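What follows is each chain in one-letter form.
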Amino acid sequence: MADPTQKTLLLVEDEVLIAQAERLALEGYGYRVLIAGTGEKAIEMVRVTPGIDLVLMDIDLGPGIDGTEAAARILKDHDLPVVFLSSHTEPVVVEKVERITSYGYVVKDSSYVVLNASIRMAFRLFEANRAVRLSHETYKGMINSVTEAIYVQDERGVFLDINERSMDFYGIPSTQVIGRTPDFLAAPGMNDLAQLTAIHARAFHGEPQTIEFWGRRADGTAFPKEVTLSPGTYFGQKVVIAVARDVTGRKEREQELRATAQLLREREAYLKAIIENSLGSIWAIDREYNILYVNELFAREYLKTFGVQLRVGVNILELLPAPLRETWRQRYERAINNEHFVFEDKVEFGGAGIYIEVAVNPIVVDGQVVGASFYGSDITGQTLAKGRLRHETRLRELLIELSTGFINQPLHTLGATIQGSLAKLGEFVGADRAYVFGFDRAAYSGNNTFEWCREGITPQIGILQQVPFSVVDPWVQALDRGEIVHVPFATDLPPGSQRDLLASQDIKSLLNIPLMRGGACIGFVGFDSVRTPHTYSRDEQMLLHVYAEMLVNVLDRQDAGKILRESEEKHHSLFSLVRLMSDTMPDMLWAKDLDKRYIFANTAVCKHLLNAKDTSEPIGKTDMFFALRERASHPDDPTWHTFGELCADSDTLTLNNMKEMQFDEYGTVKGTFLYLDVHKAPLLDNEGNLIGVVGSARDITARRRAEKRIDQQLAENELLIKQVHH
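Values in this document were obtained by computation on a predicted structure and should not be read as measured data. All residue numbers refer to position in the chain's written sequence, counted from 1. Totals for whole chains, interfaces and linings use all residues, but because this is a predicted model, local features are given only for residues with pLDDT of at least 70 and pairs of side-chain atoms are given and counted only at 80 or more. Side-chain measures here rest on the full set of heavy atoms in the structure, leaving out hydrogens and waters.

## Points about the overall build of the protein
Here is step 1: Secondary structure elements are defined from DSSP: runs of H or I of at least 4 residues count as helices, runs of E of at least 2 residues count as strands, and each element is numbered from the N terminus. Check the secondary structure of the protein and you find 20 helices and 26 strands.
Here is step 2: Buried means the residue's accessible area, taken with a 1.4 Å probe over protein chains only, is under 20% of the maximum for its type, while exposed means over 50%, and partly exposed covers the values in between. Across the 726 residues of the protein, 44% fall into the buried class.
Here is step 3: Should any heavy atoms of two residues lie within 4.5 Å, those residues are considered in contact. Partitioning the intrachain contacts of the protein with sequence separation of at least 6 by distance along the chain shows that 52% fall at a separation of at least 24.
Here is step 4: Of the roughly 36600 Å² of accessible surface on the protein, a fraction of 54% belongs to carbon and sulfur atoms. Here, Shrake-Rupley sampling with a 1.4 Å probe gives the accessible areas, and only protein chains in the shown set may cover a residue.

What follows is the structure, encoded as structure tokens:
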């Protein structure tokens, strides 16, 4: 079986002997090498051959087009690194190829070591370029996915960038706004433009601002917006980031916000993780546990892990460390007893460990089990990612739990609610103290109003009353600017009142988040680490930041307008989090109603199965809508798209059986065969009523093909062994 991590090179060289020599040398470095003798042949091979990772292009290719023309045509339709290999060193030739691509130019007289280094450098440069493109696309996707209007302005207030939502307010295209200043969007006579300029300047220099701005729509009507201006950076440039909300229909949207919150809670149930990945380590044993076959990858990893070299004919159990032999003997015995199964395990060595997934299949010849084959892969990254996903899921659940508690609690129980929420926060992040401070501006001091302490930690709330600002003046100034105060190691602080204050409370690490109301800091919430130092992660800072906003919202509950605004921010933040997580997953996720019409679809299912233009297009449509549309686009090719009916049938089975089910669904999508591992389950509302079906799928086409090839190879090997014995 081919190593799925092996890189495939297309060597374009018209000299056969040179091509074969270079092919042997490159294969010695672990590459898979294909050869094309002409530029035209290279173009055709790239078009019809999947999996080519890099083109190694000679410039002089004899009759026909030369290497530079072939490279240009290839790059027109394919995103591949191209490294030129030629005897030419003239500046005009080098400049010509650099205009085509900049992944490398190797002189033919160079050693194969240099050639290999150039190829590896080209791969690294290609991945770096791809990451840059992805970063910009991710930025555009994120800024356009939020429901608030976002404007990016330079120091003079000129708009540098805006998101799609911002133009919904005005009904005009973004091209009319970029390069303009806010007076272009202002309703005549309803804004103090001079004051707006001053406010913009303060925001640009680091002071967040919140204002009301009256805009004018394309039809001439005026409407109010609430705008928050904050300092930021835009691709390295210092800017002001303005976030605007239309507050015209605030009362009318209150009911919509409650419905949105309910929808978000239901969508939490749609997220599922699919475990499995391509497998790389391969070995086989006979009924006596003697090794029949072992691939290089497994032999190398085994040697690195256990210090033992695997060889054909050796008893694999005897090579295992004694504590592992019984466990693996039972697994081998299950396979020899004709059981197919997959298991996961953790292998520890040298103080470290990796997680593996192993698929086990008996080897059957003439109806008799003669041994077993094993296909294993390192799933450490996936396992750790699942832990991360569980952490993020718990984080979302905690935020929803805290926000729901604050919303549903009457004001007279607010103190108990805050105290309980501090305990949940502290336990979640592993802090030793969690607390709330309020500022007394008249007394120029702060008071500890709420505190939770882990068992065995000394409370400080009785001591920390009327603490003068002068003791921690730099921190107070930072909080007033809306900044986070994070001290990972108190011992790193310079001698002075701040370090002394932390030492008096045995604080080794600290995190404080300001409570901002109307642009002014009214106090802060914080975590202390007493037992051991702790660097608070970005997620932990975000959690405390969201909690601080919740507290401010609660304190403003009597102001209906503020409640609506903050609730809107909170629920949209949660919705964006759910949507962002589902859209960044490679697996396909969806939900349908009882009529099998989509009510939710993530980016993966839209892109890889439905060929939908975005995640909103499938809503209200069925699988057959997209299947028929794809078939109509290629009426002369009946195999262009065969998915559709099979999806509907598995939906019916799931709904009829009222339980989670797994299906192997396969067919062609856009002319390419696709094999999916599909999991579906009934979708119930909060009262337990059936309202649809939810599903997830992972593309396992490559794995199925690999398993088929391995089975064929093993059968051939067994036949060969039998022939040799006879």
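Having seen the model, we can carry on.
## What about the environment of valine 678?
Here is step 1: Examined against the element boundaries, valine 678 turns out to sit in strand β25 (residues 672-684).
Here is step 2: Given the relative accessible area of 1%, valine 678 is considered buried.
Here is step 3: With residues up to four places along the chain from it excluded, the contact list for valine 678 reads Trp590, Met661, Gln662, Phe663, Glu665, Ser696 and Ala697.

## Focus on the environment of aspartate 192
Here is step 1: Here aspartate 192 is to be found in the loop between α6 (164-170) and α7 (193-204).
Here is step 2: Judged by its relative accessible area of 45%, aspartate 192 is partly exposed.
Here is step 3: Each C-alpha atom, one on aspartate 192 and one on phenylalanine 213, is 9.2 Å from the other, the two residues being 21 residues apart in sequence.

## Notes on the sheet that holds strand β19 (residues 485-487)
Here is step 1: Read across the sheet, six strands follow the order β18-β17-β16-β21-β20-β19 without closing on themselves; strand pairing throughout is antiparallel. This sheet does not close on itself; its edge strands, each paired only once, are β18 (467-468) and β19.
Here is step 2: Two strands pair if DSSP finds at least two bridges between them. Summarising the sheet, strand β16 (residues 433-440) and strand β17 (residues 445-453) pair through eight bridges and their orientation is antiparallel. In the sheet register, tyrosine 435 faces β17, and the bridge partner there is glutamate 451.
Here is step 3: To get an axis, a line is fitted to the C-alpha atoms, and for a helix only the part in contact is used. The angle between two axes follows their N-to-C directions and goes from 0 to 180 degrees. Contacting β16, β17 and β21 (520-529), helix α12 (residues 414-429) crosses the sheet at an angle of about 65° to β17.
Here is step 4: Helix α15 (residues 538-555) contacts β16, β19, β20 (509-517) and β21 of the sheet and is inclined by roughly 35° relative to β20.

## So, the packing of helix α2 (residues 39-48) against helix α3 (residues 67-77)
Here is step 1: At a minimum axis separation of 9 Å, α2 and α3 run at an interaxial angle of 15°. In this view, α2 runs roughly parallel relative to α3, as classed from their interaxial angle. Crossing angle aside, the handedness with which α2 passes α3 is right-handed. In contact with Gly39, Ala42, Ile43 and Val46 of α2, α3 contributes Ala70, Arg73 and Ile74.
Here is step 2: Residue classes follow a fixed rule: Ala, Val, Leu, Ile, Met, Phe, Trp, Tyr, Cys and Pro count as nonpolar, while Asp, Glu, Lys and Arg count as charged, and any other residue, Gly among them, counts as polar. Residue classes in the contact of α2 with α3 are distributed as five nonpolar, one polar and one charged. Orientation labels follow simple angle bins: below 35 degrees gives roughly parallel, above 145 gives roughly antiparallel, 65 to 115 gives roughly perpendicular, and whatever is left gives oblique. Left-handed describes a crossing in which the near helix is turned anticlockwise from the far one by less than a right angle; the clockwise case is right-handed.

## Remarks on the pairing of strand β26 (residues 690-699)
Strand residues, when the strand is regular, have side chains that alternate between the two faces of the sheet.
Here is step 1: Counted residue by residue, β26 has seven buried out of 10 residues, so it is predominantly covered.
Here is step 2: With six bridges connecting them, strand β22 (residues 588-593) and β26 associate as antiparallel partners. Along β26, the bridge assignment pairs leucine 589 with serine 696.
Here is step 3: Where β25 lies against β26, nine bridges are found, and the strand directions are antiparallel. Residue pairing in the sheet places leucine 676 in a bridge with aspartate 699 of β26.
Here is step 4: Connecting β25 to the next strand, β26, in antiparallel fashion are five residues, including glycine 688 with a positive phi near 85°.

## Describing the nonpolar core
Here is step 1: Nonpolar core, defined: a set of buried Ala, Val, Leu, Ile, Met, Phe, Trp, Tyr and Cys residues in which side-chain atoms within 4.5 Å join the residues together. Val525, Phe527 and Tyr547 are the most contacted members of the largest nonpolar core, which totals 28 residues.
Here is step 2: Mapped onto this core, the elements with two or more residues apiece are α11 (380-408), α12, β16, β20, β21 and α15.
Here is step 3: If one sorts the elements of this core by residue count, α15 sits on top with nine residues.
Here is step 4: Setting aside anything within four residues of it in sequence, one finds valine 525 in contact with Tyr435, Val436, Leu511, Asn512, Ile513, Leu515, Leu544, Tyr547, Ala548 and Leu551.

## Some details on the packing of aromatic side chains
Here is step 1: Aromatic pairing here means that ring centres of Phe, Tyr or Trp (its six-membered ring) are within 6.5 Å. Orientation follows from the plane angle: under 30 degrees is stacked, over 60 is edge-to-face, and everything else is tilted. Within the structure shown, the criterion is met by 22 aromatic pairs.
Here is step 2: Relative to phenylalanine 374, the ring of tyrosine 332 lies with its centre 4.9 Å away and its plane at 75°, an arrangement referred to as edge-to-face. Of this pair, tyrosine 332 sits in helix α10 (residues 322-336) while phenylalanine 374 sits in strand β15 (residues 368-378), and the two are 42 residues apart along the sequence. Like phenylalanine 374, tyrosine 332 is buried.
Here is step 3: An angle of 65° between the planes, with centres 4.7 Å apart, marks the rings of tyrosine 444 and phenylalanine 469 as edge-to-face. Of this pair, tyrosine 444 sits in the loop between β16 and β17 while phenylalanine 469 is found in the loop between β18 and α13 (473-480), placing the two residues 25 residues apart along the sequence.
Here is step 4: The class for tyrosine 444 is partly exposed, based on a relative accessible area of 44%.
Here is step 5: Its relative accessible area of 1% is what places phenylalanine 469 among the buried residues.
Here is step 6: One aromatic cluster in this structure is built from Trp283, Tyr289, Phe298, Tyr302, Phe306, Trp328, Tyr332, Phe341, Phe343 and Phe374.
Here is step 7: Note on geometry: a ring has a charge over it if NZ (lysine) or CZ (arginine) is within 6 Å of the ring centre and within 35 degrees of the ring normal. One residue, arginine 180, lies across the ring of phenylalanine 184, its end atom 4.2 Å from the ring centre.
Here is step 8: When the ring centre of phenylalanine 341 is taken as reference, the NZ or CZ atom of arginine 334 above it lies at 3.7 Å.

## Concerning the packing of α12 against α15
Here is step 1: Where α12 meets α15, the axes come as close as 11 Å, and the angle between the chain directions of the two elements is 175°. As the angle between them shows, α12 and α15 are arranged roughly antiparallel. Across the interface between the two elements, Leu414, Ile418, Ser421, Leu422, Leu425, Phe428 and Val429 from α12 touch Glu540, Leu543, Tyr547, Leu551 and Val554 from α15.
Here is step 2: Looking at the contact of α12 with α15, its residues break down into 10 nonpolar, one polar and one charged.

## So, the sheet that holds strand β23 (residues 598-601)
Here is step 1: With antiparallel pairing, the five strands of this open sheet are ordered in space as β23-β22-β26-β25-β24. The open sheet is flanked by β23 and β24 (661-669), the only strands paired with a single partner. Strand-to-strand twist in this sheet, taken as the mean axis angle between neighbours without regard to direction, amounts to 25°.
Here is step 2: Packing against the sheet, helix α17 (residues 603-610) makes contact with β22, β23, β24 and β25, and its axis sits at approximately 90° to β22.

## A few points about the pairing of strand β12 (residues 291-294)
Here is step 1: Taken together, the three bridges between strand β11 (residues 281-286) and β12 define a ladder with antiparallel strand orientation. The partner of isoleucine 285 across the bridge, within β12, is isoleucine 291.
Here is step 2: As consecutive antiparallel partners, β11 and β12 are separated by four residues, and within that stretch tyrosine 289 has a phi angle of approximately 70°, a positive value.

## Section: α10
Here is step 1: Look at α10: 21 Å from first C-alpha to last across 15 residues, which is about the 21 Å you get at 1.5 Å a residue.
Here is step 2: Among the residues making up α10, those that are buried are Trp328, Arg331, Tyr332, Ala335 and Ile336.
Here is step 3: One or two positions beyond α10, positive phi appears at asparagine 338, with a value near 70°. Each residue after the first adds 1.5 Å to the expected span of a helix.

## Quick look at unusual backbone geometry
Here is step 1: At asparagine 338, a residue that is not glycine, the phi angle is positive and equals roughly 70°.
Here is step 2: Its place among the elements puts asparagine 338 in the loop between α10 and β13 (341-349).
Here is step 3: Positive phi, normally seen in glycine, also occurs at glutamine 466, with a value near 50°.
Here is step 4: Counting through the fold element by element, glutamine 466 comes out in the loop between β17 and β18.

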